[in-house]
Amino acid sequence: MVHTDRRPRHPGAMSAQDRPGRTPRPQRAILAVLGCLLAALACLPVAQAEDGYELWLRYRPLDAEQAGDYRARFAQLVAPAQTDVQRVTREELVRGLGGMLGRAPTQAQRADRAGALLVGTPASLPAIARLGLELEGLGDEGYLIRSVQADGRAATVVAANTDAGALYGSFHLLRLLQTGQAVDALDLREAPKVKLRVLNHWDDLNRHVERGYSGQSIWDWHRLPDWLDPRYTDYARANASIGINGTVLNNVNANAQILTPMYLDKVAALAGVLRPYGIRVYLSARFSAPMEIGGLKTADPEDPAVRRWWRAKTDEIYALIPDFGGFLVKANSEGQPGPQDFGRSHADGANMLAEAVAPHGGVVMWRAFVYSDEEPDDRHKQAYTEFVPHDGEFRDNVLVQVKNGAIDFQPREPFHPLFGAMPKTPLMMEFQITKEYLGFATHLVYLGPMYEEVLRADTHARGAGSTVARVVDGSLEGHALSGIAGVANIGSDRNWSGSHFDQANWYVFGRMAWDPDAGARAIAQDWVRMTFSPDDAVVEPVVGMMMASHQAAVDYMTPLGLHHLMGRGHHYGPAPWVEGGPRADWTSVYFHRATKDGIGFDRTTGGSDAVSQYARPVAEVFNDPARVPEDFLLWFHHRPWTSRVSSGRSLWDELVHRYSRGVGEVDRMQATWTGLQGRVDDERHHQVERFLAIQRNEAQWWRDASIAYFQTFSGLPLPAGEAPPAQSLEYYKALEFPHAPGDTQ
Ligand code: GCU
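All values derive from a computational prediction rather than experimental measurement. (Residues numbered from 1 in each chain as written. Predicted model: local features only at pLDDT ≥ 70, side-chain atom pairs only at ≥ 80, totals over all residues. Heavy atoms only, no water.)

A. Looking closely at the overall build of the chain. A count of helical and extended segments in the chain gives 22 helices and 16 strands. Taking 2.2 N^0.38 as the reference for a compact globule, 745 residues should give roughly 27 Å; the C-alpha atoms of the chain span a radius of gyration of 27 Å, in line with that estimate. Dimensions of the chain, computed from the C-alpha atoms along their principal axes, are close to 80 × 75 × 50 Å. The buried share of the chain, reckoned over its 745 residues, is 60%. Pairs at least 24 apart in sequence give 72% of the contacts found in the chain among residues at least 6 apart. Roughly 27,600 Å² of accessible area belongs to the chain as shown, and the carbon and sulfur atoms make up 51% of that amount. Taken as two groups, the 75 positive and 90 negative side-chain charges of the chain have centres that lie 3 Å from each other. (Helix = DSSP H or I, 4+ residues; strand = E, 2+ residues; numbered from the N terminus. Rg over C-alpha atoms; globule rule 2.2 N^0.38 Å. Buried < 20%, exposed > 50% of the residue type's maximum accessible area, 1.4 Å probe, protein only. Contact = heavy atoms within 4.5 Å. Areas by Shrake-Rupley, 256 points an atom, 1.4 Å probe, with all protein chains shown as cover. Lys, Arg positive; Asp, Glu negative; His and termini not counted. Charge placed at Lys NZ, Arg CZ, Asp CG, Glu CD.)

B. Layout of the sheet that holds strand β11 (residues 363-367). Strand order in the closed barrel formed by eight strands is β7-β8-β9-β10-β11-β12-β13-β14, with parallel pairing between adjacent strands. Along the sheet, successive strands turn relative to each other by an average axial angle of 25°, direction set aside. Here strand β7 (residues 196-200) runs beside strand β14 (residues 483-487); their pairing, made up of five bridges, is parallel. Residue pairing across strands places Leu199 opposite Gly486, the latter belonging to β14. (Pairing = 2+ DSSP bridges. Axes fitted to C-alpha atoms, helices over the stretch in contact; angles between N-to-C directions.)

C. Representation of helix α7 (residues 261-274). Taking 1.5 Å as the rise per residue, α7 with 14 residues should run 20 Å; its terminal C-alpha atoms sit 20 Å apart, in good agreement. Within α7, ten of the 14 residues are buried, leaving the element largely enclosed by the surrounding structure. Taken as a whole, α7 has its buried residues at Tyr263, Leu264, Lys266, Val267, Ala268, Ala269, Leu270, Ala271, Val273 and Leu274. (Expected span 1.5 Å × (residues − 1).)

D. Main features of the nonpolar core. The biggest cluster of nonpolar side chains holds 221 residues, and the ones touching the most others in it are Trp310, Trp506 and Phe710. In this structure Phe710 touches Leu562, Leu565, Pro576, His592, Ala594, Ile599, Trp641, Trp652 and Tyr659, once residues within four positions along its chain are discounted. One finds Leu118, Ile128, Leu138 and Val148 within the second-largest nonpolar core, a separate group that totals 16 residues. (Core = buried A, V, L, I, M, F, W, Y, C linked by side-chain atoms within 4.5 Å.)

E. Here's a closer look at the packing of aromatic side chains. Applying the stated criterion across every chain, the model contains 41 aromatic pairs. With a centroid separation of 6.4 Å and an interplanar angle of 35°, the aromatic rings of Tyr235 and Trp506 are classed as tilted. Of this pair, Tyr235 sits in helix α6 (residues 230-241) while Trp506 sits in helix α14 (residues 503-514), and the two are 271 residues apart along the sequence. The same class applies to Tyr235 as to Trp506, namely buried. Consider the rings of Trp701 and Phe737, whose centres lie 5.4 Å apart with planes at 50°: the pair is tilted. Of this pair, Trp701 sits in helix α21 (residues 682-714) while Phe737 sits in the segment after α22 (729-734), and the two are 36 residues apart along the sequence. Assessed through its relative accessible area of 1%, Trp701 is described here as buried. (Phe/Tyr/Trp six-rings, centres within 6.5 Å; stacked < 30°, edge-to-face > 60°.)

F. A look at the sheet that holds strand β2 (residues 106-107). Reading across from one edge, β2-β1-β3-β5-β4-β6 is the order of the six strands in this open sheet, with mixed pairing throughout. The open sheet has two edge strands, β2 and β6 (187-190), and neither has a second partner. Two strands pair when backbone bridges link them, and strand β1 (residues 76-78) and strand β3 (residues 116-120) are joined in this way by three bridges, in the parallel orientation. Paired with Gln76 across the strands is Ala116, a residue of β3. Running at roughly 150° to β3, helix α3 (residues 84-101) makes contact with β1, β2 and β3 of the sheet.

G. The packing of α6 against α7, seen in detail. For the pair α6 and α7, interaxial distance at closest approach is 9 Å and the crossing angle is 50°. Considered as vectors, α6 and α7 are oriented oblique to each other. In terms of crossing hand, the pair formed by α6 and α7 is right-handed. When α6 is examined against α7, the residues Tyr232, Thr233, Tyr235 and Ala236 are found in contact with a partner set consisting of Leu270, Val273 and Leu274. (Parallel < 35°, antiparallel > 145°, perpendicular 65-115°, else oblique. Left-handed = near helix turned anticlockwise from the far one by under 90°.)

H. Quick peek at helix α9 (residues 304-320). Taking 1.5 Å per residue, 17 residues should reach 24 Å; α9 reaches 25 Å between its end C-alpha atoms and fits that length. For α9, every residue scored as buried is listed here: Val306, Arg307, Trp309, Trp310, Lys313, Thr314, Ile317 and Tyr318. Taken end-on, α9 shows its buried residues confined to a sector of 165°, consistent with a single buried face. More than 90 degrees from the buried face of α9, the exposed residues found are Pro304 and Ala319. Capping of α9 at its N-terminal end is provided by Asp303; its side-chain oxygen lies 2.8 Å from the backbone amide nitrogen of Ala305. (Arc of directions from axis to C-beta. Polar contact = N/O pair within 3.5 Å; in protein donor to acceptor, adjacent residues only side chain to side chain.)

I. Seen up close, unusual backbone geometry. Across the junction of Leu224 and Pro225, the peptide omega takes the value 5°, indicating a cis bond. The backbone of Arg593 shows a phi angle near 55°, a positive value even though the residue is not glycine. Within the fold, Arg593 resides in the loop between α17 (589-592) and β15 (598-599).

J. Structural detail: the pattern of salt bridges. Here the structure, examined in full by the defined rule, presents 49 salt bridges. Here Arg412 ties to Asp631 by a salt bridge, and the two come within 3.4 Å at their closest N and O atoms. Of this pair, Arg412 sits in the loop between β12 (398-403) and β13 (427-432) while Asp631 sits in the loop between α18 (616-623) and α19 (633-636), placing them 219 residues apart in sequence. The partly exposed category is assigned to Asp631, whose relative accessible area is 25%. For Arg684, the salt bridge identified is with Asp681, shortest N-O distance 2.8 Å. On the basis of relative accessibility, which here comes to 1%, the residue Arg684 falls in the buried class. A relative accessible area of 4% places Asp681 in the buried class. What you see here is one network of salt bridges that share partners, running through Arg412, Glu453, Glu630, Asp631, Arg649, Glu654 and Arg658. (Salt bridge = Lys/Arg side-chain N within 4 Å of Asp/Glu carboxyl O.)

K. Fine view of the site of the ligand. Of all residues adjacent to the ligand, which total 15 residues, the nearest are Glu210, Lys330, Arg367, Lys403 and Glu436. Between the ligand and the protein, one listed contact pairs an oxygen atom with a side-chain N or O atom of Lys330 at 2.6 Å. Notes on the ligand: free accessible area 320 Å², of which the protein chains cover 96%. (Near = heavy atom within 4 Å.)

L. Broad picture of a negative patch on the surface. Residues Asp63, Glu65, Asp69 and Asp184 make up a contiguous surface patch of negative charge. Within the secondary structure, Asp69 is located in helix α2 (residues 64-73). (Patch = residues over 30% accessible without salt bridge, like charges linked within 9 Å, V, L, I, M, F, W, Y side chains within 5 Å.)

M. Up close: the side chain of Ser217. Tracing the backbone shows Ser217 in the loop between β7 and α6. Among the polar contacts made by the side chain of Ser217, one reaches the main-chain amide nitrogen of Trp219 at a distance of 3.0 Å. Apart from the residues lying within four places of it in its own chain, the contact partners of Ser217 are Asp203, Arg207, Val209 and Ser492.

N. Quick peek at the environment of Asp682. Take Asp682: it is sitting in helix α21. Sequence spacing of Asp682 and Asp51 is 631 residues, and the spatial spacing of their C-alpha atoms is 10.0 Å.

O. Main features of the pairing of β11. Counting buried positions along β11 gives five out of five residues, so the element sits mostly inside the fold. Side chains Val363, Met365 and Arg367 of β11 all project onto a buried face; the interleaved residues Val364 and Trp366 project onto the opposite face, where all are buried too. Read from strand β10 (residues 326-329) through helix α10 (residues 346-357) to β11, the crossover connection turns out right-handed. Where β11 lies against β12, four bridges are found, and the strand directions are parallel. (Right-handed = clockwise from strand over helix to strand, strands pointing away.)

P. Main features of the confidence of the model for the chain. Of the residues in the chain, 93% have a pLDDT of 70 or more, and the chain-wide mean is 94. Confidence over residues 1-5 falls short of pLDDT 50; this stretch has six contacts with residues more than four positions distant or in other chains. Considering only residues more than four positions removed or in separate chains, one finds that residues 28-47, a stretch of pLDDT under 50, has 13 contacts. (pLDDT = per-residue confidence, 0-100.)

See the structure below:
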């Protein structure tokens, strides 16, 4: 078949390049240079060209007044560098303070002037021990930052029980300067609420990244272990700056080769780079590895030879990597091998691996993303049905890792019913940072509000206030072990994440993993100040765009609780017409269930009864079409096209209204961004502007294709003032995208 390379273009969706009055690129570059020179002459702050590589750790010079104040406070740095962690902490402070203040602080063994910055632990720095600070309760990763009198002189102290805590505290202090905070009376205490804060790389060993939209895998297996790309160090710095303390290097659809000695040497080399930054390495384990690389005839977890094989393999890993974190496992899901292939349960499989890593202090993160192709039941219900009966059977170093919603990282999902339903098991949250279902890397969608919505959702498992955050941080049931995982959006692209704004999703993931109760807006403010500009004239409009962006994408893709309507396989663009193929629950029609009478998946007690998997107060709300949050209306209910919604519109009119509202929001984002020209460096401004043009075009495509399709069921006219789809339904159905990135291999 000849593949077409057609991307829908709409009348009026003019590219920024085509736009009248826009200066051609080379001329613009010359004008930009001239502009910079003039600005420099006028002593105005100059926007530097930037490619995004430095993420939020740019440490650009602060304005003179602020720098002068900070310089006096941080004139001298007293930070021991006896260990690797201490050494990288000091390096970061020198780099950050030097960059922002125009000169690095002098370094000393002990504070001998006013304006010293003391960094360390009572054990590493006697001056900190003498201060007698309250370090109890900070654990082994927390810290305090305080303005003090040290030996009779004004000083600032970053103190912790461990080197790692002092590293995190140092990044926090740098953030205070990057975001322009007052530092004269500091009194901050921070400790992470979640123990394991982990990135999951879905990176294959051939460097393809499943659902990756930012180039290839950053792990250069061919040149490892001898060549340690400096990018690994910058990756570690970025992660440490937001508190991430673990990384799973390979795809959950795992290749057993990663467990062979050749690859383990490479993994050990990476672990060596990440270790000084407090980051442990984990691996995705393929359950059938004993057969594939171990020469055994079975991978049955009850078979003594299999158990021996995993113990020996684990010992081999720990001999190379003494602080190895443990295994992540996708088993009996989407064709992956698992214990059920041998008549055993998920608990049997997880416990076998847990037993192998336990003597070394490792954990097993066992994924609950399972659904069977032989099971006719609503896919929404299957993970709960499968896992709840095993609550209490998992060893105490097993965490069950649960996606935020029951289907699969859809633009918006109600929280997964497993949260709150397995009190005896630590449940780890799995968020997706890469935007498989949210426009890949070209749509500006800030995920902070989405993470916040899920974490603040109330499971009512132990009465009101039993939020998902409290399940995940372990406080609801008193679990010592807790974790949050994020499927990484990091790749070999110069800007790491495929777009400048997708860096914010990596950033907010880390901050919320540290504190699941943190607010998406405040985090966005920090990120914009550090990444683009501390100028309020930039921060406020950009944060406004970011905060509205998730709702906008939900509106133009899957409003009112619709879900799973994207292109087959690659998941790019709208395809609500997808039907047939190997399994019903990989089609769109399975999920939207549109007919002449109405639309939506009936998951009420009269339908699939998925609602009953939630605690009663939640189930009652979701079950009632009058009380269910409208954002989830069609997730739980099949509703007539002419039924009324809260706006007073009919369901059909509301659907069309929301599609258009989403497109309109992208218009506003474009206008806001255009207005920031000159306040943001030209290089990044240009790329964001171009990507917004793509997003605008694709938002229109989602709206038009969806309306054209659903109108064949509703048979209703468009509400007054609504433009008809630009093309016929056949046109949209015929589009093909052989180049769409990130598909499974
Ligand atoms: C989604 C995604 C797959 C991935 C799977 C998982 O289905 O499309 O690429 O493997 O999730 O989380 O395991």
